[in-house]
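The primary structure of each chain is shown beneath.
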Amino acid sequence: MNLTVYQHITIQQLRVESISNSSVLQVGSAGSLRSLSQLYNTGGFTAPAPEFGAPSPISFVPLPSPT
């Protein structure tokens, strides 16, 4: 079965706060999605990041009580 989709998309403003390595941003429809991974060293780091320490007991994001 062949399905042909014609569409016209007009976007006045698209705001994306962040996209992580495993995120997919798709506008419209696609016959197939191809993954693309790009790694940039925008900070100019030359050594590995320090080891992560013990978990902090302080919660930096206030969460509502469960209902």
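Before any of the text, the structure's been laid out above.
All values reported here derive from a predicted model rather than from experimental measurement.

Criteria and cut-off values
Along each chain, residues carry numbers from 1 onward, in the same order as the chain's sequence is written. In keeping with the predicted nature of the model, local features appear solely for residues at pLDDT of at least 70, side-chain atom pairs appear and are counted solely at 80 or more, and the whole-chain, interface and lining totals rest on all residues. Hydrogens and water are ignored here; the side-chain numbers use all heavy atoms of the structure. Going along the chain from the N terminus, every DSSP run of H or I of four or more residues is numbered as a helix, and every run of E of two or more is numbered as a strand. For the exposure calls, accessible area comes from a 1.4 Å probe over protein chains only, and a residue counts as buried if that area is under 20% of its type's maximum, exposed if over 50%, partly exposed in between. Exposure was quantified through the Shrake-Rupley algorithm and a 1.4 Å probe, taking into account, for residues, occlusion by the shown protein chains and nothing else. Without a salt bridge and with relative accessible area above 30%, a residue can belong to a patch; like charges are then joined within 9 Å and nonpolar side chains (Val, Leu, Ile, Met, Phe, Trp, Tyr) within 5 Å. Salt bridges, as used here, are contacts in which a Lys or Arg side-chain nitrogen is within 4 Å of a carboxyl oxygen on Asp or Glu.

What is the right way to look at the overall build of the protein in this model?
Secondary structure assignment for the protein yields zero helices and zero strands. Per-residue burial for the protein yields a buried fraction of 0% across its 67 residues. As displayed, the protein has an accessible area near 7700 Å², and 55% of this comes from carbon and sulfur atoms.

It is not clear to me how a nonpolar patch on the surface should be interpreted in this structure. Could you clarify?
A cluster of nonpolar side chains, Ile9, Ile11, Leu14, Val16, Ile19, Leu25 and Val27, forms an exposed patch at the surface whose accessible area comes to about 600 Å². Given a relative accessible area of 43%, Val27 falls into the partly exposed group.

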